[in-house]
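The primary structure of each chain is shown beneath.
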Amino acid sequence: MTLLKTKVLRFESLPSTNTELARLASEGAEEGLSIVADEQTAGRGRLQRAWSSPKGAGLYFSILLRPRIPQDHWPLITFAAALGVADALSEAAGVETDIKWPNDLLSGERKICGILAEGIETPAGRAVIVGIGINLTNDAFPADLTGVATSVAEESGNAAERESILAALLRGLSRWYSLLNEHGGAGKIVAAWSNRSSYANGKHISVKNGEEVWQGITRGIESDGALRLWMNGEIKLVRAGDVYSVRSN
Ligand code: BTN
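Draft legend 1. Structural context of the overall build of the chain. Secondary structure summary: the chain contains 5 helices and 12 strands in total. The C-alpha atoms of the chain give 17 Å as radius of gyration, which agrees with the globular expectation for 249 residues (18 Å, within 12%). Seen along its three principal axes, the alpha-carbon backbone of the chain occupies a region of about 50 × 40 × 35 Å. A separation of at least 24 residues holds for 63% of the contacts in the chain among residues at least 6 apart in sequence. Carbon and sulfur atoms provide 49% of the accessible area of the chain, an area that totals close to 11500 Å².

Draft legend 2. How the structure looks around the pairing of strand S3 (residues 58–65). Counted residue by residue, S3 has 8 buried out of 8 residues, so it is predominantly covered. Burial along S3 is two-sided: the face carrying Gly58, Tyr60, Ser62 and Leu64 and the face carrying Leu59, Phe61, Ile63 and Leu65 are both buried. Where strand S2 (residues 33–40) and S3 come together, 4 bridges link them in antiparallel fashion. When the bridges of S3 are listed, Ile35 appears paired with Ser62. With 8 bridges connecting them, S3 and strand S7 (residues 125–135) associate as antiparallel partners. Paired with Ile63 across the strands is Val130, a residue of S7.

Draft legend 3. Spatial organisation of the site of the ligand. Neighbouring the ligand are 19 residues; Ser16, Gln40, Arg44, Arg46 and Lys111 lie closest to it. The side chain of Thr17 places a nitrogen or oxygen atom 3.0 Å from a nitrogen atom of the ligand. When isolated, the ligand has an accessible area of 410 Å², and the protein chains bury 98% of it. Comparing atom positions with the cavity grids shows the ligand to sit within the largest pocket. Counting only elements with at least two residues in the shell around the ligand, the list comes to helix H1 (17–26), S3, strand S6 (110–122) and S7.

Draft legend 4. Region of interest: the sheet that holds strand S12 (residues 242–245). Taking strand neighbours across the sheet as the criterion, the 5 strands line up as S11-S10-S9-S8-S12 in an open arrangement whose pairing is antiparallel. Strands with a single pairing partner mark the edges of an open sheet, and in this sheet they are strand S11 (234–238) and S12. Each strand axis lies, on average, 45° off the axis of its neighbour in the sheet, ignoring direction. Of the pairings in the sheet, the one linking strand S8 (residues 201–209) to S12 comprises 4 bridges and is antiparallel in character.

Draft legend 5. Region of interest: the layout of surface pockets. In this structure, the largest pocket encloses a volume near 940 Å³. Lining the largest pocket are 39 residues, with Arg49, Trp51, Asp104, Lys111 and Val148 positioned closest to its centre. Mapped onto the lining of the largest pocket, the elements with two or more residues apiece are H1, S3, strand S5 (104–107), S6, S7 and S12. Ranked by residues supplied to the lining of the largest pocket, first place goes to S6 with 5 residues. Within the lining of the largest pocket, the residues separate by chemical class into 17 nonpolar, 13 polar and 9 charged.

Draft legend 6. Region of the structure containing the pattern of salt bridges. Under the defined criterion, the tally for this structure stands at 19 salt bridges. Where Asp242 meets Arg46, a salt bridge forms, and the shortest distance between an N and an O atom there is 3.4 Å. With Asp242 in strand S12 and Arg46 in the loop between S2 and S3, this residue pair connects regions lying 196 residues apart in the sequence. Across the pair, Arg46 and Asp242 agree in class, each one buried. Between Glu163 and Arg162 there is a salt bridge, with the nearest N and O atoms lying 3.8 Å from each other. Given the relative accessible area of 39%, Glu163 is considered partly exposed. Under the relative-accessibility criterion, Arg162 is labelled partly exposed at 22%. What emerges from the salt-bridge pattern is a single network uniting Arg10, Asp38, Arg162 and Glu163.

Calculation criteria
- Residues numbered from 1 in each chain as written.
- Predicted model: local features only at pLDDT ≥ 70, side-chain atom pairs only at ≥ 80, totals over all residues.
- Heavy atoms only, no water.
- Helix = DSSP H or I, 4+ residues; strand = E, 2+ residues; numbered from the N terminus.
- Rg over C-alpha atoms; globule rule 2.2 N^0.38 Å.
- Contact = heavy atoms within 4.5 Å.
- Areas by Shrake-Rupley, 256 points an atom, 1.4 Å probe, with all protein chains shown as cover.
- Buried < 20%, exposed > 50% of the residue type's maximum accessible area, 1.4 Å probe, protein only.
- Pairing = 2+ DSSP bridges.
- Near = heavy atom within 4 Å.
- Polar contact = N/O pair within 3.5 Å; in protein donor to acceptor, adjacent residues only side chain to side chain.
- 1 Å grid on protein atoms, 1.4 Å probe; cavity = no way out; pocket = protein on both sides within 12 Å on 5 of 7 lines; lining within 4 Å.
- Sits in = over half its atoms within 2 Å of the grid points.
- Axes fitted to C-alpha atoms, helices over the stretch in contact; angles between N-to-C directions.
- Points joined across faces, edges and corners; volume = space filled by probe spheres on them.
- Nonpolar A, V, L, I, M, F, W, Y, C, P; charged D, E, K, R; others polar.
- Salt bridge = Lys/Arg side-chain N within 4 Å of Asp/Glu carboxyl O.

Honestly, that's just the spatial picture; any functional story needs more than this.
Pasting the structure below:
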């Protein structure tokens, strides 16, 4: 069984924990090396968006993985990470979450955490940096996102304990990533993820991918993490894009 050994480096301020960890990975850093910063001055989100990262308002975290699983299962790394975050928020803060494909964590239908996984080439081989941003307080996001974003403090009604959440996150990531590496682990990750996601099956959604918009009903997850969308009488496999819940009437 692959056990993920983690080691955490802490910084007051960084442009982006993902960027700094990619630099260390290219210098030969080992799997499990993790970075936490109190603030990010150029935090990055999915689809080239900025990730607002004011001091002390969020958990800004990245971990380096050097996966040995087949490459077509690599999208499941973010599924394992989302499961790790879901466990950590439940265990350390009593906050229950729903996972929105591909890897946003929602609480009460508002986003509480985003995950950005980036594949990189290093002299020691292809690696993945998994960046995780958890909103600890509502100062983590701009006021105009109040309707679509939330925080651990708001959802739990208590001050968010960053250190307990970080400790639980490291345990959760270790547990789910180890499972992904086991024989038959990919199927177990997809099953566990699907159990924790109201988006996996029977959800009326629209998907925006660049200029394209698709609307349909979700019909499960492929073994490589693609979302199956029932649309115009056939299944479309969705591999990228932003997903929105749509009222079914
Ligand atoms: C998303 O768009 O939902 C993903 C957001 C990921 C943000 C985290 S914060 C820590 C890490 N460093 C970054 O620059 N981004 C990720």
